[in-house]
Amino acid sequence: MQSRTPEDSKTTLTDLVLPSETNPLNNLFGGELLARMDRAASIAARRHSRRIVVTASVNHVAFNKAVPLGSVVTVEAKVSRAFKSSMEIYIDVWVEDRESGHRSKANEAIYTFVAVDETGHPVAVPPLEPETELEKQRFEAALRRKQLSLVLAGKLKPGEATELKALFVNS
Ligand SMILES: CC(C)(COP(=O)(O)OP(=O)(O)OC[C@H]1O[C@@H](n2cnc3c(N)ncnc32)[C@H](O)[C@@H]1OP(=O)(O)O)[C@@H](O)C(=O)NCCC(=O)NCCS
């Protein structure tokens, strides 16, 4: 199968924060951001695999900065590693300053999607070839994250998570 780059799957969604999407502090509601990230990540997974994709897990979410009402929010998703049928999607969230136009990083998240056929059975996806330094770092760390996610889901025995164990033994 022809390999693809993270850039091939890059998906950018830009939208405003409206009053109905905020919490009592007038900041973006966490669930709304999760939904925006899920949508961008699913498009990135679809662009990489050209298949039907489903969310298998949300591996990491960091709500580092509150996003105020009226903000312009950009969600950028790219495939960071492809395994057999699963893909890790890395999502960066940026908020734009109204006056300067400067974009600052607000949040990030990592989702796992699985490509499936019309009956919902997993199917193989093309390999990913990272290009930039950041893409290579994310690619390298993705196997550890996959193993952690599978251990937490009860789908892999901790003793079999070799990459994950090496992280603790070697640090
Ligand atoms: C995701 C799903 C297709 C996996 O099916 P499954 O029968 O567990 O299939 P497998 O065990 O063969 O796993 C398929 C791949 O998913 C990966 N996977 C499954 N659960 C995972 C998890 N919790 N974290 C990370 N990867 C996971 C497996 O490692 C495997 O990856 P690989 O093929 O790249 O090695 C199935 O669980 C499903 O359809 N879930 C519902 C999806 C959905 O509706 N999402 C929206 C929720 S509202």
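- Per an unreviewed UniProt entry, the recorded name for the chain is Acyl-CoA thioesterase, and the organism is Salinimicrobium tongyeongense.
- As its UniProt record puts it under Sequence similarities (unreviewed entry), the chain is described as follows: "Belongs to the acyl coenzyme A hydrolase family."

**Concerning the environment of serine 86**
Next up, step 1: In this structure, serine 86 sits in strand 4 (residues 86–96).
Next up, step 2: Owing to 22 C-beta atoms within 10 Å, serine 86 belongs among the buried residues under this scheme.
Next up, step 3: The spacing of serine 86 and glycine 120 is 34 residues in sequence and 13 Å in space, taken between C-alpha atoms.
Next up, step 4: Setting aside residues up to four positions removed in sequence, serine 86 forms contacts with Ala56, Thr112, Phe113 and Val114.

**Focus on the site of the ligand**
Next up, step 1: If you check the shell around the ligand, you find 18 residues, and the closest are Phe83, Lys84, Ser85, Ser86 and Ser149.
Next up, step 2: Every element with two or more residues in the shell around the ligand is listed here: strand 2 (52–62), strand 5 (103–116) and helix 3 (133–152).
Next up, step 3: The element that contributes the greatest number of residues to the shell around the ligand is strand 2, accounting for four residues.
Next up, step 4: Looking at the shell around the ligand, its residues break down into eight nonpolar, seven polar and three charged.

**Looking at the sheet that holds strand 2**
Next up, step 1: Here we have five strands laid out as an open sheet, ordered 1-3-4-5-2, and antiparallel in their pairing. Edge positions in the open sheet fall to strand 1 (11–16) and strand 2, since each of these has one partner strand only. Mean inter-strand twist for the sheet, computed between neighbouring axes without regard to direction, equals 25°.
Next up, step 2: In terms of strand pairing, strand 3 (residues 72–82) meets strand 4 through 10 bridges, oriented antiparallel. Bridge assignment links valine 79 to a residue of strand 4, and that residue is isoleucine 89.
Next up, step 3: Sheet contacts for helix 2 (residues 30–49): strand 1, strand 2, strand 3, strand 4 and strand 5; angle to strand 3, the most-contacted strand, approximately 40°.

**So, helix 2**
Residues spaced three or four apart along an α-helix face the same direction, because each turn holds 3.6 residues.
Next up, step 1: Taking 1.5 Å per residue, 20 residues should reach 28 Å; helix 2 reaches 28 Å between its end C-alpha atoms and fits that length.
Next up, step 2: Buried within helix 2 we find Leu33, Arg36, Met37, Ala40, Ala41, Ala44, Ala45, His48 and Ser49.
Next up, step 3: Residues of helix 2 that are buried sit in contact with helix 1 (6–9), strand 1, strand 2, strand 3, strand 4 and strand 5.
Next up, step 4: Within two residues after helix 2, arginine 50 carries a phi angle of roughly 55°, on the positive side.

**Topic: the pairing of strand 5**
Next up, step 1: Strand direction decides the pairing type here: strand 2 and strand 5, joined by nine bridges, are antiparallel. Bridged to serine 57 within strand 5 is threonine 112.
Next up, step 2: Two strands pair when backbone bridges link them, and strand 4 and strand 5 are joined in this way by 11 bridges, in the antiparallel orientation. Bridge assignment links glutamate 96 to a residue of strand 5, and that residue is arginine 103.
Next up, step 3: Connecting strand 4 to the next strand, strand 5, in antiparallel fashion are six residues, including glycine 101 with a positive phi near 80°.

**Points about the pairing of strand 3**
Next up, step 1: Here strand 3 lies mainly inside the structure; eight of its 11 residues are buried.
Next up, step 2: Strand direction decides the pairing type here: strand 1 and strand 3, joined by six bridges, are antiparallel. Bridge pairing links threonine 11 to alanine 77 in strand 3.
Next up, step 3: Once strand 3 ends, the chain turns through three residues before running back antiparallel as strand 4.

So, how was this worked out
- Residues numbered from 1 in each chain as written.
- Predicted model: local features only at pLDDT ≥ 70, side-chain atom pairs only at ≥ 80, totals over all residues.
- UniProt positions renumbered as here; feature names shortened; annotations may be inferred.
- Helix = DSSP H or I, 4+ residues; strand = E, 2+ residues; numbered from the N terminus.
- Buried ≥ 20, exposed ≤ 12 C-beta atoms within 10 Å, placed from the backbone.
- Contact = placed C-beta atoms within 7 Å.
- Near = placed C-beta within 6 Å.
- Nonpolar A, V, L, I, M, F, W, Y, C, P; charged D, E, K, R; others polar.
- Pairing = 2+ DSSP bridges.
- Axes fitted to C-alpha atoms, helices over the stretch in contact; angles between N-to-C directions.
- Expected span 1.5 Å × (residues − 1).

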